[in-house]
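Summary of structural features
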Amino acid sequence: MVESPIPSVPLRIAVPRGNLFAPTIDLLEKVGFDVAELRANDRKLVFEVGEGREIITTRPSDVPVYVEYGASDVGIVGKDVLLEYVRNVYELMDLGYGECRIVFAVPEGRDPESEELRRLGVMRVASKYPAITRRFFEERGQQVEVIDLRGSIELAPQVDLAESIVDLTSTGVTLGENNLVEKAEIARSSARLVANRVSWKLKASTIDQLVKRIKEAQEE
Amino acid sequence: MDVIRIPTGTRDVLPAEAAETRFLMEAVRTVFTAFGYGEVVTPTLELESALEVSGEKRFRRSFRLFDEKGEVMMLRPEMTTPIARLAATKLAGRQPPFRFCYFANSFQPTRPQRGRQSEFFQAGLELIGIDSPAADGEVLAVLCGALEACGLREYSISLGEASFFRALLEEVGVSDEEQERLFMALAERDMVEFAHLVGALAVDDEDRQAILDAVALRGGSDVLTRAQDLVRGPRMEKALKRLARTYYLVSRYGYAGRLLFDLGILRGFDYYTGIVFEVVSGDLGFPIGGGGRYDNLLARFGRDEPAVGFALGLDRLHIAVSGQGGVPLQAGPGVALAGGMDEELDLARELRESGVKVLSLPADITEQLALEAARDAGLGYAVLPLGDGIRLLECAGGQARDVSREQLAAAVEA
C-alpha cells in the first residue's frame, strides 16, 4: 500500500498524453501516487488513485482548459501550451523536465526577412504556435503572414509553403536535418504545474502539500 | 437570407432565466437597502476623457464610439469609476459618507465563456468617505448577507490586504520598476516567473523568502498569526492589525466562517489600496464577484475621499445558486384560463384581483393543449369554463375536477 502523499481532500489532476506523459507519471510515482494502472492502460481517461483523488488524462493543449474551468484542480502542461493558449490559471512551479525552446528558423543561407522586405512582400511563417508567432513579430514591428499547421512544420519551407518557421526544438537535430538554422529564440519551455484559481484558495493546504512533495521528490 | 447575429460576448435571456436573475437582484437589493445604500444610475456611455482620469490600464481595451462632435465615448467598463466621478463632482457640496449601490450592465471585450460575457450585469455597492476597518467590515457583512439572501449556501470570501504586500516590497527595498514586474507576474498568476524575478532581487535571503511566503500565505484565520513573521516596519504592522480588526467585526456580524485569507490576492484593477477580496464557491472555477478598498481613486477626480466597495456578477451568481439547489423563486398561485381575453374576461379580472396570476388562452382550446400551456408557463392549473361550472386541471398530477365558479379562486390558491 502506497502511503498517502497528500491530505485526503478530493483533488483532480490533469495529466497530458504525449511527450510529457512518461516523465509526468514517473514524477507522480515518486510523489507517492499509485500509477500502475496509468502505465498499463492507455485508453482509459479517468483513474481513481484513492481517497477521492483522481487523475485524468487529456490532450496536452486541453490541460489548461480543464484547469481554468475548474473541471480539474491542478494540471501538468508545457509552458509552450500556456504561452500559446493564454488561460486564467495559476502557474505554480517549473517541473524541470520536458525542456525545449521555441525558435524562429529559416532555410540555411537565406535571409527571408530582408528578401521579403526588399520585394515589399510579407514573409510567410509556418507554425503550430500561431499566437506566439504573431506576438513575436508584432513586438518586432514586423508584418508577417502566419500559416497555421498542425505538425511537421519543417516541411513548409522545403515546398515553398512558407519562407520560415516558428517551432519547438530540444536538440536542434530536426532543424539541421531539414537545413534550417535558428535565427532567434522566442521562449524557453518546460513542464509546469498549474492550478485553478478557486482551487488554489479553497484547497490551499492540499495544493501546497502537493507542491512540497514534488519539490522533495525532485531533490531525491 | 444571411444569418442574423448578435455581437460576440452578448446574449439574449429568456423569461425563465430572467425571472431567476431578477429574483436574485431583488434579494440583493433588499439587503443593500437594509443597510441604507441608495441606488444610483449613471450613463451607460461615459466620456473617455472622464474615465481615463482613473489611470486604469484595463480601460484601454474597452469599447469606444464617437458622439456627433467627434468626442470619444466609452461604454462603461465597470461601475466603480463612474460612481467615483459622480461622488467627486455631482456631490461636491455634500458631506460624506455616501452609501451607493447599483444594478447595471457594464462592457469589456472578452473571449466569451459561461459566466463571462462582453456585456455583463452587476450588483454592487460603494461606501465612500470612511477609512476604517468598521467600513470594511460593514461592506463584507453586506456582501455575505446579500449572498445568503440569494440562497447561496456554499461560498467563501477570499480576503487580502493590498498594502501589506506593497509595504513588504518597499520595506525590503524593491524598486518601483521591479515592483511593477512582480505585480505583472502575480496578475498573470505566473508563480514561476514571480519566483524567478524574486530570485534576481538584490535582497537578503530572509527577505527573499518573506516575499515568496507572502504570496503563498492563504487559509483560515491562522494566516493572521503566520503573517506576523513577515512583518517589517509599521505599515505592514498596521495593515495586519486592520485586517485582524476587520475579521473581528465580520465575526460579530456572524460571518467569520466565510472568510479565507489570501495575502497574495491581486485583482486585475490597479486602484486597490487596502482590503481586496473575491467571492469563491467550490462549484465554480472563477470568482462570483469581488472588490476592495480604493483610497486614491476619488482624489484623481479632485476629491480626496477613501472608499470601499464590491461588485457581484449576477450571471455568475445565478450559475452558482443554480448549482446549489436552485433559485428559491416563490411563484404564487397562477392559472392558464381558456377564453381569458374574451368570453371569460370578467373571470380573469376577478382572479387577478384576488391575487392569482392569469395567462389567457383561446376559448376553444383543448384540455391537453391548455395543460401544456399552463405547464410551460410554470402555472399550477389549466382552467376550462364549461357552461356554469369550471373544469380544473392540475399541472402537477394531471388530475381533473369540476368546481363551481365561486369555488375557483379558493381552489387554485390552496
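Residues numbered from 1 in each chain as written. Chains lettered and ligands numbered in written order. Predicted model: local features only at pLDDT ≥ 70, side-chain atom pairs only at ≥ 80, totals over all residues. Heavy atoms only, no water.

1. Some points on the overall build of chain B
To keep it simple, the criterion reads: For helices the rule is a DSSP run of H or I covering at least 4 residues; for strands it is a run of E covering at least 2, with both sets numbered from the N terminus onward. Think of it in three bands: residues with accessible area under 20% of the maximum for their type are buried, residues over 50% are exposed, and the middle band is partly exposed, with areas taken using a 1.4 Å probe on protein chains only. By definition in these notes, contact holds between two residues if any of their heavy atoms fall within 4.5 Å. Per-residue accessibility takes into account occlusion by the displayed protein chains alone, with areas from the Shrake-Rupley method and a 1.4 Å probe. A positive count includes Lys and Arg, and a negative count includes Asp and Glu. His and the chain ends are not counted in either. The location of each charge is read from NZ of Lys, CZ of Arg, CG of Asp or CD of Glu.
Along the backbone of chain B there are 15 helices and 17 strands. For chain B, the spread of C-alpha atoms along the three principal axes comes to 90 × 55 × 50 Å. Buried residues in chain B amount to 53% of all 414 residues. Counted over contacts in chain B with a minimum sequence separation of 6, partners at least 24 positions apart contribute 62%. Taken as a whole, chain B presents about 19100 Å² of accessible surface, with 51% of it coming from carbon and sulfur. With 45 positive and 62 negative side-chain charges, chain B shows a spacing of 3 Å between the two charge centroids.

2. Description of the pairing of strand 4 (residues 74-78) of chain A
Residues and elements named next belong to chain A. What counts here: At least two bridges found by DSSP between two strands are what make those strands a pair.
Of all five residues in strand 4, five are buried; the element is thus mostly enclosed. As judged from the two bridges shared by strand 1 (residues 12-16) and strand 4, these two strands associate in the parallel manner. Bridging from a neighbouring strand, I13 pairs with V74 of strand 4. As paired strands, strand 4 and strand 11 (residues 191-195) are joined by five bridges and run antiparallel to one another. Each bridged residue has a counterpart across the sheet, and for V77 the counterpart in strand 11 is R192.

3. With respect to the interface of chain A and chain B
Many structure descriptions define interface size as the accessible area lost when the parts assemble. Quick reminder of the rule: Note on definitions: buried area is the accessible-area loss of two parts on being combined, 1.4 Å probe, summed for both. For this analysis, a salt bridge means a side-chain nitrogen from Lys or Arg found within 4 Å of a carboxyl oxygen belonging to Asp or Glu. Three residue categories are used. Nonpolar comprises Ala, Val, Leu, Ile, Met, Phe, Trp, Tyr, Cys and Pro, charged comprises Asp, Glu, Lys and Arg, and polar comprises the others, including Gly.
Chain A puts 23 residues into the contact, and the matching count from chain B is 24 residues. Carbon and sulfur atoms make up 51% of the surface buried where chain A meets chain B, a total of about 1900 Å² over both sides. Viewed at the interface, chain B and chain A are joined by five salt bridges. A salt bridge links K201 of chain A to E278 of chain B, with the nearest nitrogen and oxygen atoms 3.7 Å apart. Broken down by secondary-structure element, the contributors of at least two residues to the side of chain A that touches chain B are strand 5 (90-94), helix 9 (199-202) and helix 10 (204-219) of chain A. Residues belonging to the side of chain A that touches chain B are distributed by class as follows: eleven nonpolar, three polar and nine charged.

4. Topic: the packing of helix 7 (residues 191-199) of chain B against helix 8 (residues 205-216) of chain B
Two measures define how a pair of helices packs: the angle their axes make with one another and the distance between the axes. All names here are of chain B. Rules: To obtain an axis, a line is fitted to C-alpha atoms, over the contacting stretch when the element is a helix, and the angle between two such axes runs from 0 to 180 degrees between their N-to-C directions. Working rule for angles: under 35 degrees goes down as roughly parallel, over 145 as roughly antiparallel, 65 to 115 as roughly perpendicular, anything else as oblique. In this scheme the handedness of a crossing depends on how the near helix is turned from the far one: anticlockwise by less than a right angle means left-handed, clockwise means right-handed.
One way to put it is that helix 7 packs onto helix 8 with a least axis distance of 10 Å and a crossing angle of 160°. Put simply, helix 7 runs roughly antiparallel to helix 8. At the point where helix 7 passes helix 8, the crossing takes the right-handed sense. Residues M191, F194, A195, V198 and G199 of helix 7 form the contact with helix 8, whose participating residues are R208, I211, L212 and V215. Classifying every residue of the contact of helix 7 with helix 8 gives seven nonpolar, one polar and one charged.

5. Re the domain arrangement of chain A
Residues and elements named next belong to chain A. Put simply, the rule is: All the domain ranges listed were derived from an automatic or database domain assignment. Here a polar contact is recorded for every N or O atom pair within 3.5 Å, except that within protein the pair must consist of a potential hydrogen donor and a potential acceptor, and residues adjacent in sequence are included only if both atoms are side-chain atoms.
Domain annotation for chain A reports domain 1 (11-98 + 190-219) and domain 2 (100-187). Between the C-alpha centres of domain 1 and domain 2 the distance comes to 31 Å. In this complex, domain 1 contributes five residues to the contact, which on the side of domain 2 involves nine residues. Taken over both partners, the interface formed by domain 1 and domain 2 buries close to 630 Å², and the fraction arising from carbon and sulfur atoms is 50%. Summed over the three residues of domain 1 that lose the most area to domain 2, namely D80, L83 and E84, the buried surface amounts to 75% of that side. Taken together, the connections running from domain 1 to domain 2 amount to five residue pairs in polar contact (both at pLDDT 80 or more). Residue composition of the side of domain 1 that touches domain 2, by class: two nonpolar, one polar and two charged.

6. Observations concerning the nonpolar core
All names here are of chain B. Basically, it comes down to this: Buried residues of nine kinds, namely Ala, Val, Leu, Ile, Met, Phe, Trp, Tyr and Cys, make up a nonpolar core once their side-chain atoms join them within 4.5 Å.
Grouped together as the largest cluster of nonpolar side chains are 108 residues, with contacts concentrated most on F32, I157, F165, I211 and L317. By residue number, the principal contributor to this core is helix 4 (residues 133-149), which donates nine residues. Setting aside residues up to four positions removed in sequence, F32 forms contacts with Y37, C101, F103, A123, G124, L125, V142, A146 and F310. F100, Y102, Y294 and F301 belong to the second-largest nonpolar core, a separate cluster that totals 24 residues.

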